[in-house]
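The residues making up each chain are set out below.
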Amino acid sequence: MDSKFNITVRNCDLYYGDAHALKNVNIDVEESEVTALIGPSGCGKSTFLRMLNRMNDLVEDCRITGEIKIGEQNIYDKGTDVALLRKNVGMVFQKPNPFPMSVYDNIAFAPRTFGVWRRSKLDNIVESSLRQAGLWDEAKDRLRKNAMGLSGGQQQRLCIARALAADPKILLMDEPTSALDPISTGIIEDLINELKANYTIVIVTHNMQQATRISDKTAVFLLGEIIEFGKTESVFTNPKDKRTENYITGRFG
Amino acid sequence: MKTNAHKRQVLKYVVCKLIAQAALFVSLVALVIVMVFVLLRGVPHINMQFLFGEYSIRAPSIKPALMGTLYLIVISLVVAAPIGIGSAIFLAEYTNSKSRLVRLIRIAVETLAGIPSIVYGIFGYLVFVVALGFGYSFIGGGLTLAIMILPVIVRSTEESLLAVPRSLREGSFALGSSKVRTIFSVVLPCAANGIVTSLILAVGRVVSESAVLILTIGMVVDIVPKNFTSAGTSLALAVYGFSQRYPEQAAATGAVLLVLVVAINILATLLGKVFGKGELVDG
Amino acid sequence: MRGVFLFCAVFSLLALGCICVFLFINGVPFIGKVGLDNFFGMQWNLHEASYGILSMIVASLYVTALAMIIGVSLGLFTAVALYKFCPPKMVAVIRQLINLLAGIPSVIYGLFGLIIIVPLLRDYVSPNGVGYGILAASIVLSVMVLPTLVGVSLDALNAVPKNYYEGALALGATKEQSVFRIMLPAAKSGIMAAVVLSIGRAIGETMAVIMVIGGSPTIPTSLFQSTRTLTANIAMGATELTGDPKTALIATGVVLFFFTLLLNVSFSLLKGGEKRENKRAQKTGS
């Protein structure tokens with residue numbers, strides 16, 4: 001997977017044991033676009049997201065059928081290098097989870113994992129990642145201090161910087177602002193708008209205003225199915241499916 | 001494709017994993033060897049004469065040690081159980097953890113738990129053998145052991161008291177019961193399993209201790225004790241006592257001790273499980 | 001009734017107070033009487049009224065340090081293996097076994113040293129044909145503290161928030177890299193507490209050591225040489241000595257007591273640190 005980083009999902013089903021968590025999912029995510037995944041709790045958005053970087057491998061009795069391709073490569077092929085897949089597909093979690101070590105070491109974690117240990121090179125990566133995440137000015141004087149001392153919003157931006165340091169092509173974000181205050185949320189939304197020039201972003205969100213503010217396309221999940229997928233504007237102003245309309249007008253969820 | 005530097009990084013930690021698995025193997029083997037060898041060396045020398053026969057220089061028996069161990073269990077439990085349980089009740093039912101006295105008590109309990117056995121021995125010697133004039137005796141040894149097992153009883157009893165759901169206490173208060181009545185008729189019965197487990201663990205500790213006894217009960221291996229004021233020995237102390245002159249008997253005593261302690265621990269674990277299940281039903 | 005319970009609770013405090021008072025009243029004046037030079041000197045010779053315990057302090061520290069080097073490296077890796085690199089079904093069984101082994105009397109470990117380790121060292125390892133000594137004592141102690149070390153370290157690892165692990169995997173780290181580079185360092189204060197706890201047990205251990213250390217009151221210059229730790233010094237003279245020599249044993253106990261109090265304080269500081277860290281992680285992270 002060197003050239004293109006669009007995501008193609010075809011006829012995909014996912015089971016946790018006997019529970020059928022995703023049902024016949026089909027979607028195309030284009031490069032350099034922000035795709036928002038919305039839907040009521042427990043509808044499979046996060047499960048879908050975690051399928052794209054194979055985080056579901058951690059769940060013991062998780063079974064997946066169908067085809068999930070990034071570029072030309074099926075990521076569930078036997079020969080797939082999961083470490084390289086996750087390097088190319090970064091992830092930001094719902095709750096900020098910086099490692100209990102210095103800001104610098106947090107960001108240097110991924111480069112070191114992939115064999116970059118030269119100091120000058122690491123310094124560059126750390127600075128550029130922090131700059132991209134809009135955290136450089138706040139963090140440059142405390143690179144050696146423990147990351148746990150940052151505020152919640154700063155921690156989440158640190159996690160974004162940490163993911164960027166791995167040099168990914170795709171960024172998966174799982175409700176990245178749901179644990180943050182409105183001001184930090186605004187900063188991160190602005191950040192996403194900047195990042196989409198260089199990265200393909202898939203973001204799960206509970207907040208429909210957020211989806212309209214930041215995304216190009218929106219997929220609506222309900223009970224493990226994608227009931228509607230299209231340009232964000234048309235999904236919200238002119239939904240094709242009655243259930244989408246019910247959801248976005250707040251009748252359930 | 002993986003770069004070489006990346007491959008090296010991955011490999012480095014795979015090696016660490018292999019080392020960890022090897023360490024697990026070595027640890028298990030070492031610990032199992034301890035048990036197996038003591039049993040292998042000891043069990044062939046165990047017979048009725050050795051266990052319950054009269055002691056003679058030709059054929060040493062552990063009858064005095066068995067009796068001594070029994071004495072020590074009785075004395076230390078009779079003293080430590082009420083004090084330990086009472087202490088746990090005070091800590092769990094009567095206080096909030098912020099008070100300075102409670103913090104002090106907790107520190108004292110923690111510190112008591114960390115004092116080496118031999119230092120307790122010196123204390124017991126100074127107080128019971130010398131100051132109170134008991135001489136080497138089971139009563140002195142038992143009382144010293146009582147202080148040693150106090151932290152075990154306090155800590156685990158307090159835990160099982162805290163595990164009793166608040167709603168039960170409130171229910172009892174709502175029916176007009178006093179605090180003391182609530183403690184004795186509701187809280188203690190609910191926590192009974194856990195408390196018994198803690199007492200069994202304390203017995204295990206009494207049976208295991210040896211260094212403290214050198215300085216408090218003497219090390220008289222050959223005479224069956226007449227009463228609480230006699231000097232004597234215990235099973236664990238007899239292992240050491242025999243080890244110089246009677247290596248076979250030492251191993252045999254060790255085997256008996258090992259079986260006894262393992263049995264006590266298994267009993268405590270089983271009771272703990274019963275208790276754990278009860279908790280689920282309550283919650 | 002409250003008064004009765006209060007008395008029970010205060011009893012621990014009183015007991016600790018009594019232990020301190022009795023030890024210090026009996027031990028400290030003796031140290032004053034014979035003089036610091038004598039008491040912390042090299043010579044332990046009762047006929048010449050030399051009560052120097054320096055060689056025992058040194059032996060105690062040597063034995064403890066070596067036991068920790070062996071025990072911690074083995075125990076820590078064992079805990080890590082149980083944490084993620086072992087089939088879950090086996091972990092439950094091994095955990096039970098380790099709990100069981102933690103309750104085995106120290107005299108059993110001493111016996112194990114006496115019948116296996118000492119002959120083994122004497123016949124196959126020792127250059128001078130002596131099996132007793134620091135190495136034998138360290139090996140016995142390291143096996144003895146293993147259950148505690150493994151148990152407490154494993155608890156510390158299990159207490160590390162799981163989202164660190166996910167975070168590391170999501171960055172492309174392998175399972176091994178995540179465990180060794182993130183989870184293990186994150187558990188360090190809990191692991192340090194386990195180590196301090198084990199040091200306390202090792203330095204205070206009497207029976208397991210006395211059976212394999214030999215017992216000569218000489219400063220250790222080799223791993224295979226009969227020597228004597230602080231605890232062994234107290235136990236060996238306990239039933240035979242009287243008068244000043246016996247008081248010297250009590251004074252030895254005071255020194256040992258001082259060491260353990262020191263360890264206790266650092267243990268509670270570490271535990272406090274661990275609690276604070278986990279709280280901080282919970283507030284922001286997990």
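Residues numbered from 1 in each chain as written. Chains lettered and ligands numbered in written order. Predicted model: local features only at pLDDT ≥ 70, side-chain atom pairs only at ≥ 80, totals over all residues.

**What to know about the overall build of chain C**
Spelled out, the test is: Strands here mean DSSP runs of E at least two residues long; helices mean DSSP runs of H or I at least four residues long; both are numbered from the N terminus. Exposure is read from a count of other C-beta atoms within 10 Å of each residue's own; the residue is exposed at 12 or fewer, buried at 20 or more and partly exposed in between. C-beta atoms are placed from the backbone. Here contacts are defined at the residue level, using C-beta atoms placed from the backbone and a cut-off of 7 Å between them.
Counting secondary structure elements, chain C contains 12 helices and 2 strands. Mapped in sequence order, the helices and strands of chain C form the string α-α-β-β-α-α-α-α-α-α-α-α-α-α. Overall, the C-alpha framework of chain C stretches about 70 × 60 × 35 Å when taken along its three principal axes. Counting across all 286 residues of chain C, residues that qualify as buried make up 56%. Once local pairs closer than 6 in sequence are excluded, the contacts in chain C between residues at least 24 apart make up 74%.

**Structural notes on the overall build of chain B**
Here is the rule we go by: As a reference, a globule follows 2.2 Å times the number of residues to the power 0.38, and the radius of gyration itself is taken over C-alpha atoms.
When its secondary structure is counted, chain B shows 11 helices and 0 strands. Ordered by position from the N terminus, the helices and strands of chain B form the series α-α-α-α-α-α-α-α-α-α-α. For 283 residues, the compact-globule formula gives about 19 Å, and the C-alpha radius of gyration of chain B, at 24 Å, lies well above that figure. Counting only C-alpha atoms and orienting by the principal axes, one finds that chain B spans roughly 75 × 65 × 35 Å. By the burial criterion, 49% of the 283 residues in chain B qualify as buried. Long-range contacts, defined here as pairs at least 24 residues apart, represent 77% of the contacts in chain B between residues at least 6 apart.

**Topic: the sheet that holds strand β5 (residues 73–74) of chain A**
Residue and element names in this part refer to chain A. So the rule is basically this: Being paired, for any two strands, means DSSP has found at least two bridges between them.
Read from one edge to the other, the open sheet built from 4 strands follows the order β2-β1-β4-β5, with strand pairing classed as antiparallel. Two strands lie at the open edges of the sheet, namely β2 (19–29) and β5, each paired on one side alone. Looking at chain direction, strand β1 (residues 7–16) and β2 are connected through 7 bridges and run antiparallel. Bridged to T8 within β2 is D28.

**Looking at the interface of chain A and chain C**
It is common to give the size of an interface as the accessible area that goes away when the parts come together. Put simply, the rule reads: Under the scheme applied, nonpolar residues are Ala, Val, Leu, Ile, Met, Phe, Trp, Tyr, Cys and Pro; charged residues are Asp, Glu, Lys and Arg; polar residues are all the others, including Gly.
With 24 residues of chain A at the interface, the matching set in chain C holds 20 residues. Among the secondary structure elements, those contributing two or more residues to the side of chain A that touches chain C are α2 (82–88), α3 (103–113) and α6 (152–164) of chain A. Residues belonging to the side of chain A that touches chain C are distributed by class as follows: 15 nonpolar, 5 polar and 4 charged.

**A few points about the interface of chain B and chain C**
Contacts between the two partners involve 68 residues from chain B, matched on the other side by 65 residues from chain C. Sort the elements by how many residues they give to the side of chain B that touches chain C and helix α1 (residues 4–42) of chain B lands first, with 20 residues. Here the residues of the side of chain B that touches chain C are counted per class, giving 50 nonpolar, 15 polar and 3 charged.

**Observations regarding the sheet that holds strand β8 (residues 200–204) of chain A**
All names here are of chain A. Put simply, the rule reads: Between N-to-C directions, angles cover 0 to 180 degrees, with each direction set by a line fitted to C-alpha atoms, over the stretch in contact for helices.
A sheet is described by the order of its strands in space; here 6 strands give the open sequence β6-β7-β8-β3-β9-β10, paired in mixed fashion. Edge positions in the sheet fall to β6 (89–92) and β10 (225–231), since each has one partner strand and no second. Neighbour-to-neighbour, the strand axes of this sheet turn through a mean angle of 15°, independent of strand direction. Where β6 lies against strand β7 (residues 170–174), 4 bridges are found, and the strand directions are parallel. Each bridged residue has a counterpart across the sheet, and for V89 the counterpart in β7 is I170. Here helix α1 (residues 45–52) sits on the sheet in contact with β3 (34–38), β6, β7, β8 and β9 (217–222), set at roughly 150° to β8.

**Description of helix α8 (residues 179–208) of chain B**
One full turn of an α-helix is made of 3.6 residues, so residues set three or four places apart face in the same direction. In plain terms, the rule: Multiplying 1.5 Å by the helix residue count minus one yields the expected span of that helix. The quantity called bend is, for any residue, the angle between two axes fitted respectively to the seven residues ending at it and the seven beginning at it.
Here α8(B) contains 30 residues, and its C-alpha end-to-end distance of 38 Å is more than 12% below the 44 Å for a straight helix at 1.5 Å per residue. Maximal helix bending in α8(B) amounts to about 60°, located at A192(B).

**Remarks on α3(A)**
Among the 11 residues in α3(A), 9 count as buried, and that is most of the element. Residues of α3(A) that are buried sit in contact with α4 (119–132), α5 (136–139) and α6 of chain A, α1 of chain B together with α8 (175–186) of chain C. Once α3(A) ends, the next one or two residues include G115(A), with phi positive near 100°.

**Regarding the nonpolar core**
Defined as follows: Buried Ala, Val, Leu, Ile, Met, Phe, Trp, Tyr and Cys residues whose C-beta atoms connect them within 7 Å together make up a nonpolar core. The source of the domain bounds is an automatic or database domain assignment.
Residues L111(C), V140(C) and V212(C) are the most contacted members of the largest nonpolar core, which totals 268 residues. With 17 residues, the top contributor of residues to this core is helix α6 (residues 134–158) of chain C. Summarising the domain contributions, this core has at least three residues from each of domain 1 (4–45) and domain 2 (48–282) of chain B.

**A look at the packing of helix α5 (residues 117–131) of chain B against helix α6 (residues 138–162) of chain B**
Residues and elements named next belong to chain B. Counted only if it meets this: Convention used here: angles under 35 degrees read as roughly parallel, angles over 145 as roughly antiparallel, angles from 65 to 115 as roughly perpendicular, and any remaining angle as oblique. Take the far helix as the reference: if the near one is turned anticlockwise from it by less than a right angle, the crossing is left-handed, and if turned clockwise, right-handed.
Where α5 contacts α6, the axes come no closer than 9 Å and their chain directions differ by 135°. With respect to each other, α5 and α6 are oriented oblique. Helix-helix and strand crossings are classified by hand; for α5 and α6 the assignment is right-handed. Note on element contacts: α6 touches α5 through G140, G141, L143, T144, I147 and M148, opposite Y120, F123, G124, F128 and V129. Here the residues of the contact of α5 with α6 are counted per class, giving 7 nonpolar, 4 polar and no charged.

**Thoughts on the domain arrangement of chain B**
All names here are of chain B. Once the domains are mapped, chain B shows domain 1 (4–45) and domain 2 (48–282). Centre-to-centre separation of domain 1 and domain 2, based on C-alpha positions: 33 Å. Tallying the contact residues gives 7 residues for domain 1 and 8 residues for domain 2. Residues belonging to the side of domain 1 that touches domain 2 are distributed by class as follows: 4 nonpolar, 2 polar and 1 charged.

**Some thoughts on unusual backbone geometry**
Of note, E175(A) is a non-glycine position whose phi angle comes to about 45°, a positive value. Tracing the sequence through the fold places E175(A) in the loop between β7 and α7 (182–195). You can call E175(A) buried: it has 21 C-beta atoms within 10 Å. Positive phi, normally seen in glycine, also occurs at A49(C), with a value near 55°. Mapped onto the elements of the fold, A49(C) is located in the loop between β1 (44–45) and β2 (50–51). The class of A49(C) is exposed, set by 12 C-beta atoms lying within 10 Å.

**Examining the pairing of β7(A)**
Residue and element names in this part refer to chain A. Within β7, 5 of the 5 residues are buried, which leaves the element mostly enclosed by the surrounding structure. The two faces of β7 match: I170, L172 and D174 on one face and L171 and M173 on the other face are all buried. Bridge analysis of β7 against β8 gives 5 bridges, and the strand direction is parallel. Bridge pairing in β8 links L171 to I201.

**What to know about the environment of G142(B)**
Residues and elements named next belong to chain B. Along the chain, the position of G142 falls in helix α6. On a C-alpha basis, the gap between G142 and L72 in space is 4.9 Å, while along the polypeptide they are 70 residues apart. Not counting the four nearest positions on each side in its chain, G142 is found in contact with Y71, L72, I75 and S76.

**Quick word on the confidence of the model for chain C**
Quick note on the threshold: Think of pLDDT as the predictor's per-residue confidence, scored from 0 to 100.
The share of residues in chain C with pLDDT of 70 or more is 95%, and the mean pLDDT across the chain is 90. Least confident of the elements in chain C is helix α12 (residues 243–284) of chain C, whose mean pLDDT is 80; most confident is α8(C), at 96.

**Structural notes on the pairing of β1(A)**
Residues and elements named next belong to chain A. Turn length for the β1-β2 hairpin, with the two strands adjacent in sequence and antiparallel, is 2 residues, and the turn residue G17 shows positive phi of about 60°. Looking at chain direction, β1 and strand β4 (residues 62–70) are connected through 8 bridges and run antiparallel. Residue pairing across strands places I7 opposite I70, the latter belonging to β4.

**Digging into the packing of α3(A) against α6(A)**
Residues and elements named next belong to chain A. Two elements in contact, α3 and α6, have axes separated by 7 Å at closest approach and are oriented at 35°. Regarding α3 and α6, the two cross each other, and that crossing is right-handed. Each of V103, N106, I107, F109 and A110 in α3 lies in contact with α6, whose residues at this interface are L158, A161 and R162. Looking at the contact of α3 with α6 residue by residue, the classes come out as 6 nonpolar, 1 polar and 1 charged.

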